Amino acid sequence: AGFGAGLGLALASSSFIGGSFVLKKKGLLRLCGRARAGQGGHAYLREWLWWAGLLCMGVGEAANFAAYAFAPATLVTPLGALSVLVSAVLSSIFLNEQLNVHGKIGCILSILGSTVMVIHAPQEEEVSSLESMAEKLKDPGFIVFAMCVLVSSLLLIFVAGPRYGQSNVLVYVLVCSAIGSLSVSCVKGLGIALKELFSGKPVLKEPLGWVLLVCLVICISIQINYLNKALDIFNTSVVTPIYYVLFTTAVMMCSAILFKEWQHMVLDNIIGSISGFLTIVSGIFLLHAFRDMPFTPNLLPLFLQPGRADRHQSCQHQPLLPSEDKGSQSAEEEE
């Protein structure tokens, strides 16, 4: 029963999160004549469709968090990739966004690569209290990582954003992914705080819990703002898988540095993680590089084109030397 509940929550989470991207996009498209998110406007806050998308994302994230209490992480985490597929399918239905064959292959490769990475992912170091979490946050490696994330995000926001934000999908998505890696660490710490609170410990007097809560609100606000800009400017079927892959990669890097996950990895897990990452890179390349390339039946081989297979087959059964056969046949008739 617990396994079934975890599986159902994970599937529901993917459905809600995938649908939230479409609802947000529909809300952003209704901003005719008003300041759009891509130009720094916030008129989308008055659209109920955008708020419905935000609510769906919140429900999906809550269901995903609850799924870990019933099912193992090796089941729940890969199912999060289904939100990419749900978003792509719903975008083609409700937003009339075309996803060519290259994009579909890219989505599949991204999902497969993420699944392989999760299967071979190392186990995190056990953290059971806020005191141990505080020690982890004081680690020099994590401090350097957090400073690099903050500096790179500021450069993307204030330097690369005004120049390339309207033409390059990676600018705003990288901001969301980098800040999102820090938000996951805050969620981890708050989860530990809630466990201690339910066990009767005086967690509310600990300043670390409040600091993590404030940092989480700031990180989520930045993510929502720049994700809206990316969705307003670029195709949803492009933004969603790129955001998922980059966000997953950033979170794995942050977790590996914070919880020392890679210290006890065996060779097959290392090879699996590298193979999964290269598969994701290949999928993103197909999805991003060929997104505007039309794919018509005329590009298929002749024997695969509809309406031409029979003609091609009939041509194969024709005699190789029809003129010689006719000449020999007429000579025999004369004799």
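Here the structure is a predicted model, which is why all the values come from computation and not from measurement.

A. Here's a closer look at the overall build of the chain. Scanning the chain from N- to C-terminus turns up 13 helices and 0 strands. Going from the N terminus to the C terminus, the chain shows its helices and strands as α-α-α-α-α-α-α-α-α-α-α-α-α. Within the chain, the fraction of its 335 residues that count as buried is 41%. Here the contacts in the chain between residues at least 6 apart in sequence split such that 79% fall between residues at least 24 apart. In the structure as shown, the chain presents an accessible area of about 18,500 Å², 68% of it carried by carbon and sulfur atoms.

B. Looking closely at the UniProt feature "transmembrane region" (unreviewed entry) in the chain. Residues annotated by UniProt as "transmembrane region" (unreviewed entry) correspond here to residues 48-68, 75-95, 101-121, 142-163, 169-187, 208-226, 238-258 and 270-290. Taken end to end, residues 142-163 comprises 100% helix and 0% strand; its first and last C-alpha atoms sit 30 Å apart. Spanning residues 208-226, this segment combines 100% helix with 0% strand, and its end C-alpha atoms are found 27 Å apart.

C. Geometry of the nonpolar core. By size, the foremost hydrophobic cluster in this structure holds 55 residues, and its most contacted members are F21, L137, V173, L182, L227 and V239. Looking at which element gives the most residues to this core, the answer is helix α8 (residues 170-198), with 12 residues. Here V173 is in contact with A230, V239, I242, Y243 and L246, once residues within four sequence places are set aside.

D. Main features of the side chain of S153. Mapped onto the secondary structure, S153 falls in helix α7 (residues 140-164). Not counting chain neighbours up to four residues away, the residues in contact with S153 comprise V175, A178 and I179.

E. Molecular detail of the packing of aromatic side chains. Using the criterion set out here, one finds 3 aromatic pairs in the structure. Both rings, one in Y172 and one in Y226, keep their centres 5.7 Å apart while their planes meet at 40°; by these two values the pair is tilted. Taken together, the residues Y172 in helix α8 and Y226 in helix α9 (residues 207-233) connect sequence positions 54 residues apart. The burial state of Y172 is the same as that of Y226; both residues are buried. Through successive ring pairs, a cluster of aromatic residues spans F21, Y243 and F247.

F. The arrangement of the layout of surface pockets in detail. The computed volume of the second largest pocket comes to approximately 420 Å³. As for the second largest pocket, its lining consists of 20 residues, and the residues nearest its centre are L150, L182, C186, C215 and C219. At the level of secondary structure, the elements contributing two or more residues to the lining of the second largest pocket comprise α6 (130-137), α7, α8 and α9. Taken together, the residues that form the lining of the second largest pocket break down as 18 nonpolar, 2 polar and no charged.

G. The environment of Y226, seen in detail. The exposure class assigned to Y226 is buried, which follows from its relative accessible area of 11%. Taking C-alpha positions, Y226 is 6.4 Å from C176, a pair spaced 50 residues apart along the chain. Each residue touching Y226, except ones within four places of it in the same chain, is listed here: I157, Y172, V175 and C176.

H. Geometry of the packing of α6 against α8. Contact geometry for α6 and α8: axes closest at 9 Å, N-to-C directions at 160°. Here α6 lies roughly antiparallel to α8, going by the angle between them. Considering the relative orientation of α6 and α8, their crossing is left-handed. Residue-level inspection shows L130, E131 and M133 of α6 in contact with α8, the latter providing S185, G189, I192, A193 and E196.

I. Layout of helix α4 (residues 82-94). For α4, with 13 residues, the first-to-last C-alpha span of 18 Å sits near the 18 Å given by 1.5 Å per residue. All of the buried residues along α4 are S83, V84, S87, A88 and S91. Each buried residue of α4 sits inside an arc of 135° when the element is viewed along its axis, so together they form one side. Once α4 ends, the next one or two residues include N96, with phi positive near 55°.

J. Summary view of the environment of V266. Within the secondary structure layout, V266 lies in the loop between α10 (236-259) and α11 (267-289). Judged by relative accessible area, V266 falls into the partly exposed class, the value being 44%. In this structure the C-alpha to C-alpha distance between V266 and H120, which are 146 residues apart in sequence, comes to 9.6 Å.

K. Structural view of a nonpolar patch on the surface. Taken together, the side chains of L194, L197, F198, L204, W210, L213 and V217 make up a nonpolar region of the molecular surface, amounting to roughly 730 Å² of accessible area. Residue assignment for the nonpolar patch shows that the elements contributing at least two residues are α8 and α9. Secondary-structure assignment places L204 in the loop between α8 and α9.

Conventions adopted
Residues numbered from 1 in each chain as written. Predicted model: local features only at pLDDT ≥ 70, side-chain atom pairs only at ≥ 80, totals over all residues. Heavy atoms only, no water. Helix = DSSP H or I, 4+ residues; strand = E, 2+ residues; numbered from the N terminus. Buried < 20%, exposed > 50% of the residue type's maximum accessible area, 1.4 Å probe, protein only. Contact = heavy atoms within 4.5 Å. Areas by Shrake-Rupley, 256 points an atom, 1.4 Å probe, with all protein chains shown as cover. UniProt positions renumbered as here; feature names shortened; annotations may be inferred. Core = buried A, V, L, I, M, F, W, Y, C linked by side-chain atoms within 4.5 Å. Phe/Tyr/Trp six-rings, centres within 6.5 Å; stacked < 30°, edge-to-face > 60°. 1 Å grid on protein atoms, 1.4 Å probe; cavity = no way out; pocket = protein on both sides within 12 Å on 5 of 7 lines; lining within 4 Å. Points joined across faces, edges and corners; volume = space filled by probe spheres on them. Nonpolar A, V, L, I, M, F, W, Y, C, P; charged D, E, K, R; others polar. Axes fitted to C-alpha atoms, helices over the stretch in contact; angles between N-to-C directions. Parallel < 35°, antiparallel > 145°, perpendicular 65-115°, else oblique. Left-handed = near helix turned anticlockwise from the far one by under 90°. Expected span 1.5 Å × (residues − 1). Arc of directions from axis to C-beta. Patch = residues over 30% accessible without salt bridge, like charges linked within 9 Å, V, L, I, M, F, W, Y side chains within 5 Å. Salt bridge = Lys/Arg side-chain N within 4 Å of Asp/Glu carboxyl O.

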